[in-house]
Structures are given as C-alpha cells and as structure tokens.
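A look at the structure
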Amino acid sequence: VNLLVLPRTVRNRAQALGHYALAFVYFLRKETASFRAAAEKALALNPMDGSVMGILGVLISHAELERGCQMVEAAMQLNPNYPGLFRWSAFTKAYGQGKYAEALELAVRINMPNYFYAHAARAAALGQLGQLEAAEKELRELLALRPDFATAARREYTKWYNHEQVEHMLDGLRKAGLEIPTEDKKADSAATTA
C-alpha cells in the first residue's frame with residue numbers, strides 16, 4: 001500500500017505502528033536512545049492510541065517508573081477495556097517499594113491465562129508475604145507452563161529489569177520455594193561444561 005495516497009490520519013496511524021514496532025525491538029536490544037526516539041515518534045504520530053501508549057508505558061516504566069506508570073494510566077483512561085498486561089508497571093512499582101500485598105492484588109488483576117510471568121509475579125509477592133501455601137500453588141502453575149523457569153528466571157528478568165530488580169524478584173521466588181541457582185553457581189556450571 002502506498003502510504004502517500006492514504007488520508008493523513010490513516011498515514012499517521014500506520015507510521016505510528018511502525019515506530020512502535022521499532023521501539024519494541026530497540027528496547028529488547030537495550031538500545032535506549034533509539035528506543036526512546038522511536039517511542040516518542042509513535043506517541044506523537046497517534047497520541048490517542050491507548051494500546052500503543054499502554055505498551056510503550058510498560059516498557060518506559062523499566063527505565064522511568066513514574067513516567068511509564070502515568071502513561072499506562074492515561075492509556076487505561078483512553079481504553080477502559082485495556083489488557084491485563086497494563087497492570088504490570090503498577091505491580092513493578094508496588095513490588096519495588098516493598099508493598100507486597102498491593103503488588104499481589106495488581107498481579108492477580110493481570111489475569112492473562114498461560115502468561116507465566118503473571119504466575120511468577122504472584123508467586124514472588126506471595127513469597128515475600130510469607131504465604132507459602134498459595135505461593136506453592138502459583139509455582140506449580142508457573143512450572144506447568146514453563147518447566148525450566150528456575151534456571152531461566154534470571155535470564156528472563158534480565159531482558160526487562162536492571163540487576164537490583166532482577167535479584168529482588170528472584171528473592172521473592174526463592175521465598176516462595178523455587179530453587180533458583182545463584183549467579184555464582186550458574187557461572188561455575190557454565191565453566192565446567194565449557
């Protein structure tokens with residue numbers, strides 16, 4: 001489709017989605033400056049797209065928690081039928097502040113079937129709260145979806161979080177009963193297999 005023959009609003013929406021896709025790729029590649037530029041361009045081209053604003057808010061919250069949370073809240077106002085994933089930023093904020101009961105409530109509201117991260121979030125919050133029976137149930141559901149999560153957890157969280165946040169999540173999962181190898185043990189096992 002030739003974008004130049006489309007009406008300007010349609011063209012802006014199409015270009016916004018392209019910048020959104022680029023932003024996501026740059027985020028995962030940890031190219032911060034490029035991510036921010038593409039995210040800002042996507043938002044400028046279509047500021048009323050609650051889906052794009054919400055997902056970009058979740059991503060931005062990994063570096064700028066307050067701004068990301070504000071963007072997600074604005075996106076939820078634009079679309080009251082927002083996906084449960086939009087609760088992730090608020091969960092991260094509450095969990096990071098040690099407000100584990102609030103974090104648990106938010107993790108429950110993520111409500112995405114077969115989304116292993118949601119089970120991990122609930123298990124970590126429950127582990128921090130010392131609610132071991134409920135935490136074990138979440139771990140069983142997590143491991144049914146992702147049997148290798150104990151060994152993959154650090155790698156999975158490193159995609160999204162800084163070192164301190166990763167360790168905080170792993171601490172909650174360990175308290176929940178998940179046997180996650182420490183960084184030293186992972187390095188030792190990698191050296192012996194090399």
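Just so we're clear, the structure is a prediction, and the values are computed from it rather than from any experiment. (Residues numbered from 1 in each chain as written. Predicted model: local features only at pLDDT ≥ 70, side-chain atom pairs only at ≥ 80, totals over all residues. Heavy atoms only, no water.)

Some words on the overall build of the protein chain
Of regular secondary structure, the protein chain possesses 11 helices and 0 strands. The helix and strand sequence of the protein chain, counted from the amino end, reads α-α-α-α-α-α-α-α-α-α-α. Counting the 194 residues in the protein chain, one finds 41% classified as buried. Contacts in the protein chain between residues far apart in sequence, at least 24 positions, make up 56% of those at least 6 positions apart. (Helix = DSSP H or I, 4+ residues; strand = E, 2+ residues; numbered from the N terminus. Buried < 20%, exposed > 50% of the residue type's maximum accessible area, 1.4 Å probe, protein only. Contact = heavy atoms within 4.5 Å.)

Looking at unusual backbone geometry
A positive phi angle, near 60 degrees, is found at lysine 30, a position not held by glycine. On the secondary structure map, lysine 30 appears in the loop between α1 (8-28) and α2 (32-45). Unusually for a residue other than glycine, asparagine 114 sits at a positive phi of about 65 degrees. Relative to the elements of secondary structure, asparagine 114 occurs in the loop between α6 (100-110) and α7 (116-129). We classify asparagine 114 as exposed; its relative accessible area is 64%.

Re the side chain of arginine 146
Examined against the element boundaries, arginine 146 turns out to sit in the loop between α8 (132-145) and α9 (149-158). You can call arginine 146 buried: its relative accessible area is 16%. Looking at arginine 146, its side chain comes within polar contact range of the side chain of glutamate 156, at 3.1 Å. Leave out the neighbours within four places in its chain, and arginine 146 touches Phe116, Ala152, Arg155 and Glu156. (Polar contact = N/O pair within 3.5 Å; in protein donor to acceptor, adjacent residues only side chain to side chain.)

Concerning the packing of aromatic side chains
Evaluation of the coordinates by the stated rule reveals 16 aromatic pairs. Considering the side-chain rings of tryptophan 88 and phenylalanine 91, the 5.3 Å spacing of their centres and the 45 degrees angle between planes classify their relative orientation as tilted. In this pair, tryptophan 88 and phenylalanine 91 are both assigned in helix α5 (residues 88-96), 3 residues apart and thus about one turn of the helix distant. Judged by relative accessible area, which is 6%, tryptophan 88 ranks as buried. Given a relative accessible area of 1%, phenylalanine 91 falls into the buried group. Summarising the aromatic geometry, the rings of tyrosine 117 and tyrosine 157 are spaced 5.9 Å apart at their centres and angled 55 degrees between planes, so their arrangement reads as tilted. With tyrosine 117 in helix α7 and tyrosine 157 in helix α9, this pair connects stretches of sequence that are 40 residues apart. Assigned by exposure class, tyrosine 117 and tyrosine 157 land together as buried. (Phe/Tyr/Trp six-rings, centres within 6.5 Å; stacked < 30°, edge-to-face > 60°.)

Describing the side chain of histidine 119
The topology assignment puts histidine 119 in helix α7. Side chain to side chain, histidine 119 and arginine 122 meet in a polar contact 3.2 Å long. Reaching out from histidine 119, the side chain makes a polar contact with the side chain of glutamate 138 at a distance of 2.9 Å. Setting aside residues up to four positions removed in sequence, histidine 119 forms contacts with Glu138, Glu141, Leu142 and Leu145.

That is the geometry; function is a separate question.
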